[in-house]
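Structural overview for review
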Amino acid sequence: QAKAAGRNTVRFFDPVMQAAVATHAELAKEIRQGLQRHEFVLHYQVQMDTQGQCIGAEALVRWNHSVRGLVTPAHFIPLAEETGMILPLGQWVLEAACRQLLEWGRHRATAQWTLAVNVSASQLAQPNFVDSVATALRTTGAPPHLLKMELTESMLVNDVEDLIVKMGAVQAMGVKFSLDDFGTGYSSLSYLKRLPLSQLKIDQSFVRDVLTDPSDAVIARTIVALGHSLGLAVLAEGVETAEQRDFLAEIGCDAFQGYFFGRPIPALTLAATLALAPH
Ligand code: C2E
Ligand code: MG
Ligand code: MG
Ligand code: MG
């Protein structure tokens with residue numbers, strides 16, 4: 001067990017996954033090797049509009065681990081953050097997402113799709129963050145206006161002035177910003193007004209019981225009203241049923257994402273379901 005092994009160790013994977021115990025250095029090395037061996041993959045989850053049209057997708061990283069199989073982000077993103085490996089991993093995610101946008105650009109059905117990537121606080125805190133986005137766009141040739149970056153409210157606690165400057169520079173390239181898991185953090189409304197956002201994502205914890213828990217319904221309505229009054233689109237995450245979708249559309253949500261429409265899947269699987277034809 002991690003505890004018995006002492007303070008200097010962290011538990012890498014869940015106990016059910018064999019209770020491997022490793023130091024930070026070993027974990028960092030394992031992630032670095034995973035990157036070198038091309039073991040990370042992006043899965044894509046569709047995002048729909050109120051007309052039932054697919055308008056884009058969110059890229060969600062997975063680790064196709066040689067021993068452990070397909071590992072979800074909850075099992076390695078926190079460790080990647082702690083070890084600093086989130087920086088090369090995040091850059092890989094960004095570039096892989098840009099390459100996918102380019103591929104979608106070749107097919108009529110997907111040419112206008114946006115692609116959202118999750119960006120962590122430490123990526124944004126890097127002095128070269130703006131450059132790294134510019135590099136990803138330039139080296140891939142991806143259309144910036146179809147790229148969306150998902151931030152979380154947890155980023156709004158530290159140097160917000162620095163964040164606003166960097167977001168402004170990236171927005172000037174054409175990239176959009178969305179605030180993920182909205183309602184679960186501590187964002188000050190005055191910051192919300194100042195950040196160059198284009199979208200709020202209602203966290204799935206409010207969507208889950210939105211039909212049965214009146215306070216969740218009130219929260220969802222309030223987020224829609226807040227978002228719209230700030231000129232932002234509002235997307236509901238974690239939509240699992242038609243009834244949830246209908247209710248959320250009724251209260252004014254502009255877009256939806258969740259298992260009801262599709263789980264995160266590899267790009268090739270997604271393409272197969274669409275029977276993608278070139279222009
Ligand atoms: P997130 O960005 O809020 O992504 C949504 C999560 O909810 C995904 O989990 C997705 O598979 C799951 N989900 C989608 N629809 C439903 C639904 O209808 N019901 C339920 N119960 N869940 C649903 P996933 O892929 O395990 O990712 C978890 C988190 O890991 C993400 O939350 C995001 O914060 C983080 N993450 C994923 N990819 C990246 C990445 O490339 N970079 C960084 N920094 N973080 C990432
Ligand atoms: Mg997200
Ligand atoms: Mg979310
Ligand atoms: Mg989340």
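Residues numbered from 1 in each chain as written. Chains lettered and ligands numbered in written order. Predicted model: local features only at pLDDT ≥ 70, side-chain atom pairs only at ≥ 80, totals over all residues. Heavy atoms only, no water.

1. So, the overall build of the protein
Within the protein one finds 11 helices and 12 strands. Relative to the compact-globule value of 19 Å for 279 residues, the protein shows a C-alpha radius of gyration of 19 Å, a close match. In terms of its C-alpha atoms, the protein occupies a principal-axis envelope of roughly 50 × 45 × 40 Å. The buried share of the protein, reckoned over its 279 residues, is 47%. Residue pairs at least 24 apart in sequence account for 64% of intrachain contacts in the protein once pairs closer than 6 positions are excluded. Counting every atom, the protein has about 13,500 Å² of accessible surface; 54% of that belongs to carbon and sulfur. (Helix = DSSP H or I, 4+ residues; strand = E, 2+ residues; numbered from the N terminus. Rg over C-alpha atoms; globule rule 2.2 N^0.38 Å. Buried < 20%, exposed > 50% of the residue type's maximum accessible area, 1.4 Å probe, protein only. Contact = heavy atoms within 4.5 Å. Areas by Shrake-Rupley, 256 points an atom, 1.4 Å probe, with all protein chains shown as cover.)

2. Overview of the environment of L151
Residue placement: L151 occurs in strand β7 (residues 147–152). Note: C-alpha distance between L151 and V71 (80 residues apart in sequence) is 22 Å. Setting aside chain neighbours within four positions, we find L151 in contact with V119, L124, M167, F177, S178, L179 and D180.

3. A short note on the coordination of the magnesium ion (ligand 3)
For the magnesium ion (ligand 3), every protein donor is listed as D180 (OD), D181 (OD), E237 (OE) and E237 (OE), and the spread of their distances is 2.0 to 2.4 Å. The motif formed by the donor residues of the magnesium ion (ligand 3), counted along the single chain, is D-D-x55-E. A separation of 4.1 Å is found between the magnesium ion (ligand 3) and the magnesium ion (ligand 2), which share D180 as a coordinating residue. (Donors = N, O, S within 2.8 Å, 3.2 Å for Na, K, Ca; no water.)

4. Some words on the nonpolar core
By size, the foremost hydrophobic cluster in this structure holds 74 residues, and its most contacted members are Y44, V117, M149, L197, I202 and L248. Top contributing element to this core by residue count: helix α3 (residues 86–104), with nine residues. Setting aside chain neighbours within four positions, we find V117 in contact with A59, V93, L94, A97, L147, K148, M149 and E150. (Core = buried A, V, L, I, M, F, W, Y, C linked by side-chain atoms within 4.5 Å.)

5. Focus on the packing of helix α5 (residues 129–140) against helix α6 (residues 160–172)
The description of two packed helices rests on the angle between their axes and on the distance between the axes. Interaxial distance between α5 and α6 falls to 9 Å at its minimum, and their mutual angle equals 20 degrees. With respect to their mutual orientation, α5 and α6 come out roughly parallel. Like other packed secondary-structure pairs, α5 and α6 cross with a definite hand, here right-handed. Within the contact between the two elements, α5 uses F129, V130 and V133 and α6 uses K166, A169 and V170. Grouping the constituent residues of the contact of α5 with α6 by class yields five nonpolar, no polar and one charged. (Axes fitted to C-alpha atoms, helices over the stretch in contact; angles between N-to-C directions. Parallel < 35°, antiparallel > 145°, perpendicular 65-115°, else oblique. Left-handed = near helix turned anticlockwise from the far one by under 90°. Nonpolar A, V, L, I, M, F, W, Y, C, P; charged D, E, K, R; others polar.)

6. What about the packing of α3 against α5?
Direction vectors running N to C along α3 and α5 enclose 35 degrees, while the axes themselves pass 9 Å from each other. Between α3 and α5 lies a crossing of right-handed hand. Two secondary-structure elements touch here, α3 through Q91, L94, E95, C98, R99 and L102 and α5 through S132, V133, A136, L137 and T140. Taken together, the residues that form the contact of α3 with α5 break down as six nonpolar, three polar and two charged.

7. Points about the state of the cysteines
A covalent bond bridging the sulfur atoms of two cysteines is what the word disulfide describes. All chains considered together, the criterion is met by zero disulfides. Note on C54: no disulfide assigned, nearest cysteine sulfur contributed by C253 at a separation of 17 Å. (Disulfide = S-S within 2.5 Å.)

8. A word on the pattern of salt bridges
Counting across every chain of the model gives eight salt bridges. With a closest N to O distance of 3.0 Å, E30 and R68 form a salt bridge. Placement of the pair is E30 in helix α1 (residues 24–36) and R68 in the loop between β4 (54–65) and β5 (69–71), with a sequence separation of 38 residues. Looking at E30, the relative accessible area reads 23%, which means it is partly exposed. With relative accessibility at 23%, the residue R68 sits in the partly exposed group. A salt bridge links E103 to R106, with the nearest nitrogen and oxygen atoms 2.8 Å apart. One continuous salt-bridge network, built from bridges that share partners, spans E58, E150, K201 and E237. (Salt bridge = Lys/Arg side-chain N within 4 Å of Asp/Glu carboxyl O.)

9. Quick look at α6
With 13 residues, α6 should reach 18 Å at 1.5 Å per residue; the first-to-last C-alpha distance of 18 Å fits that figure. All of the buried residues along α6 are V160, L163, I164, K166, M167 and V170. Buried residues along α6 sit against α4 (121–125), α5, β7, β8 (176–182) and α7 (189–194). Where α6 ends, the next residue or the one after it, G174, has phi of about 115 degrees, a positive value. (Expected span 1.5 Å × (residues − 1).)

None of this, on its own, says anything about what the molecule does.
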